[in-house]
Number of protein chains: 4
Amino acid sequence: LETNALIHGLSTVEIQALTTKCLEARETAYCPYSLFRVGCAILLKSSSTIISGANVENASYPVGTCAERVAMATAVVQGHRLGSFKAIAVATDMDAFCSPCGMCRQFLREFCELDMPIFMHNASGAYEAKTMGELLPMSFGPDALPPRE
Amino acid sequence: LETNALIHGLSTVEIQALTTKCLEARETAYCPYSLFRVGCAILLKSSSTIISGANVENASYPVGTCAERVAMATAVVQGHRLGSFKAIAVATDMDAFCSPCGMCRQFLREFCELDMPIFMHNASGAYEAKTMGELLPMSFGPDALPPRE
Amino acid sequence: LETNALIHGLSTVEIQALTTKCLEARETAYCPYSLFRVGCAILLKSSSTIISGANVENASYPVGTCAERVAMATAVVQGHRLGSFKAIAVATDMDAFCSPCGMCRQFLREFCELDMPIFMHNASGAYEAKTMGELLPMSFGPDALPPRE
Amino acid sequence: LETNALIHGLSTVEIQALTTKCLEARETAYCPYSLFRVGCAILLKSSSTIISGANVENASYPVGTCAERVAMATAVVQGHRLGSFKAIAVATDMDAFCSPCGMCRQFLREFCELDMPIFMHNASGAYEAKTMGELLPMSFGPDALPPRE
Ligand SMILES: [Zn+2]
Ligand SMILES: [Zn+2]
Ligand SMILES: [Zn+2]
Ligand SMILES: [Zn+2]
């Protein structure tokens, strides 16, 4: 694990903090429809601050939102933008490693560099890490659109 | 204005705080695609705390999110639920009074009582107020669904 | 019922056709997560053609879509636009009258006149009708945005 | 190109039909906000039928939908499900090869086998092909969720 961590440029302490925070964030989920709690934690480059979120569901299922988007939107309205983020971590209550849905990958893509790692945890806190670019290959972001005049 | 405010059970001071906060929240928007900044502020019943948010757009337009959902999701992951909210305020840079889109009305409906007021501001800080139930009549919320076993 | 229908400018035959079609459309739903089937039928002004749709859910709940948006998107890519629609009908398997979620009201608002009726059915085919403007008061549509140059 | 096509199990004729249809589908887009037309075409396994769609935007940007979801939802309400689809094609007006956004990749994932090819075209009709699994690695679909009782 440590080797993997060093590849992505995080210290063991940083990864442990992310793991703890995303598991804790799960507790804050509102998911009466899926009963599927998800937590997300985002580590800034500029400090050891971690911003977290959880899924917030709705009686009209498509209107609900995921943990990753809640956490990242919170970070963005605090002023963080592309270039601000060191790593993201997600966790569920499943034995399988949790991965962000495609919609969240697209939402994160707007603000995350392609080599930024995403640590996908299982219920017991073990993780697998992939980069933003590995999880959403051939993606498009802010650079792809013609600028608005 | 004061009369209107009393109808909805807020003091002038509370409304002024909401107005200030939703106008300020606009500044935190990420909206390079629409250039349409929106701010939202939510007042708790339990204290004078105001939780705010702004729109966060995406190169894939449907993947972005609105100010109201960012603010409310932040409140929900902090532990606030149906019964916690005293009022919501929204503001844009338009001369017209800003109203939440239908998706946000549905998102808010999950957590807001039908008589909770929503203060819709224009660019200069004047507002018009309607209740949750007036903005989304004949709506459905958590009570409408068969409980999950 | 007939009186109500005449108010909204539809004949009894047209309403019966809408009722039949939205109940039938329910059968085409893909909803393994909510088990909540919804059907939608849209009547054109230009002919007696009815375009229908149903909900299509996703393992990531927010990624799924509703019956109303499936039906209306189908109509739009067939070339129909604001001014083309005479009425919309929706149905579920519930005893209560089914109403569109806020997100669908906003989606429909882009293409429907404010006095266009929406017939909300219950499981047995009875209905209640409201206009687009009644279901999404103080809404904004294409006219509200500054034109893109 | 032919070799690539054979790898994915499509004949040259089938690919040409997909290319033609997704370029044509672009014409049906409703996109006054982005001015970014996208077309999508889906080839069934069971016949040479191609089902198509285009993006349908909304004044509230997050409420709009993409070409891929319009086309696939149309296919699903016609009764097609996981196992029915041979290939998907998308096209825009850009010189770059068009790829589905993350939200659409997740929507398609519900119904497409991981080895199903997606042909991503540029404005002039050239394409690059990747499989569903390549575009959304480590994804989750219907099999990942605990069954609803
Ligand atoms: Zn997600
Ligand atoms: Zn909104
Ligand atoms: Zn809906
Ligand atoms: Zn898309």
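Structural notes, computed from the coordinates. (Residues numbered from 1 in each chain as written. Chains lettered and ligands numbered in written order. Predicted model: local features only at pLDDT ≥ 70, side-chain atom pairs only at ≥ 80, totals over all residues. Heavy atoms only, no water.)

1. Some details on the pairing of strand β5 (residues 127-131) of chain A
Residues and elements named next belong to chain A. Residue alternation in β5 divides its side chains into a buried set, Tyr 127, Ala 129 and Thr 131, and an unburied set, Glu 128 and Lys 130. By the bridge criterion, 5 bridges tie strand β4 (residues 117-121) to β5 in an arrangement that is antiparallel. Looking at β5, one finds that Phe 119 is bridged to Ala 129. Remark: 5 residues form the turn of the hairpin made by β4 and β5, two consecutive strands paired antiparallel; Gly 125 in that turn has positive phi of roughly 95°. (Buried < 20%, exposed > 50% of the residue type's maximum accessible area, 1.4 Å probe, protein only. Helix = DSSP H or I, 4+ residues; strand = E, 2+ residues; numbered from the N terminus. Pairing = 2+ DSSP bridges.)

2. Description of the relation of the copies chain B and chain A
Relative to chain A, chain B is turned by 180° and slid 0.0 Å along the rotation axis, the superposed coordinates differing by an RMSD of 0.0 Å. On the angle and the small slide along the axis, the relation comes out as a two-fold axis. The share of interface residues of chain B whose copies in chain A are also at the interface is 100%, consistent with both copies meeting through the same surface. (Least-squares fit on C-alpha atoms with pLDDT ≥ 70 in both. Contact = heavy atoms within 4.5 Å.)

3. As for the packing of helix α3 (residues 67-77) of chain C against helix α4 (residues 102-109) of chain C
All names here are of chain C. In contact at an axis separation of 9 Å, α3 and α4 are set at 15° when each is read in the N-to-C sense. When the axes of α3 and α4 are compared, the pair comes out roughly parallel. Note on packing geometry: the crossing formed by α3 with α4 is left-handed. Along its contact with α3, which presents Glu 68, Arg 69, Met 72 and Ala 73, the element α4 presents Met 103, Cys 104, Phe 107 and Leu 108. (Axes fitted to C-alpha atoms, helices over the stretch in contact; angles between N-to-C directions. Parallel < 35°, antiparallel > 145°, perpendicular 65-115°, else oblique. Left-handed = near helix turned anticlockwise from the far one by under 90°.)

4. Regarding the packing of helix α4 (residues 102-109) of chain B against α4(C)
One can describe the packing of α4(B) onto α4(C) by two numbers: an axis separation of 6 Å at closest approach and a directional angle of 170°. Relative to α4(C), the element α4(B) lies roughly antiparallel. Only Gly102(C), Met103(C) and Gln106(C) of α4(C) make contact with α4(B), whose side of the interface consists of Gly102(B), Met103(B) and Gln106(B).

5. Brief notes about the interface of chain B and chain A
Facing the 34 residues of chain B at the interface are 34 residues of chain A. Here chain B packs against chain A, burying approximately 2,800 Å² in sum over the two surfaces, 65% of which is carbon and sulfur. Our count for the chain B to chain A interface comes out at 10 residue pairs in polar contact (both at pLDDT 80 or more). For the side of chain B that touches chain A, the secondary-structure elements that each account for two or more residues are α3 (67-77) and α4 of chain B. Counting residues per element, the side of chain B that touches chain A draws most heavily on α3(B), which supplies 5 residues. (Buried area = accessible area lost by both parts, 1.4 Å probe. Polar contact = N/O pair within 3.5 Å; in protein donor to acceptor, adjacent residues only side chain to side chain.)

6. Some words on the relation of the copies chain D and chain C
One copy of the chain maps onto the other through a rotation about an axis followed by a shift along the same axis. For the pair chain D and chain C, the best superposition has an RMSD of 0.0 Å and corresponds to a rotation of 180° with a translation of 0.0 Å parallel to the axis. A share of 100% of the interface residues of chain D reappears at the interface of chain C, consistent with the copies meeting face to face through the same patch.

7. Some words on the packing of aromatic side chains
All chains considered together, the criterion is met by 18 aromatic pairs over all chains. Considering the side-chain rings of Tyr61(A) and Tyr61(C), the 4.4 Å spacing of their centres and the 0° angle between planes classify their relative orientation as stacked. Separated into two different chains, Tyr61(A) in the loop between β2 (50-54) and α3 (67-77) and Tyr61(C) in the loop between β2 (50-54) and α3 make up a pair that spans both. In terms of burial, Tyr61(A) and Tyr61(C) fall into one category: buried. Between Tyr33(B) and Tyr61(B) the ring centres are 5.7 Å apart and the planes differ by 40°, which places this aromatic pair in the tilted class. Of this pair, Tyr33(B) sits in the loop between α2 (12-26) and β1 (39-44) while Tyr61(B) sits in the loop between β2 (50-54) and α3, and the two are 28 residues apart along the sequence. Tyr61(B) carries the same exposure label as Tyr33(B), and that label is buried. Among the aromatic side chains, those forming a connected cluster through ring pairs are Tyr33(A), Tyr61(A), Tyr33(C) and Tyr61(C). (Phe/Tyr/Trp six-rings, centres within 6.5 Å; stacked < 30°, edge-to-face > 60°.)

8. Section: empty space enclosed by the protein
With the rule as written, the count across this model stands at 5 cavities of 30 Å³ or more. By volume, the largest cavity amounts to about 360 Å³. In this structure, the largest cavity is lined by 30 residues; those nearest its centre are Phe36(A), Val38(A), Ala59(C), Ser60(C) and Tyr61(C). In this structure, the second largest cavity occupies an estimated 100 Å³ of space. Around the second largest cavity, the lining residues are Val63(C), Gly64(C), Thr65(C), Arg69(C), Val70(C), Ala73(C), Thr65(D), Arg69(D), Val70(D), Ala73(D), Met103(D) and Phe107(D). Counting only elements with at least two residues in the lining of the second largest cavity, the list comes to α3 of chain C together with α3 (67-77) and α4 (102-109) of chain D. Here the lining of the second largest cavity is composed, by residue class, of 7 nonpolar, 3 polar and 2 charged. (1 Å grid on protein atoms, 1.4 Å probe; cavity = no way out; pocket = protein on both sides within 12 Å on 5 of 7 lines; lining within 4 Å. Points joined across faces, edges and corners; volume = space filled by probe spheres on them. Nonpolar A, V, L, I, M, F, W, Y, C, P; charged D, E, K, R; others polar.)

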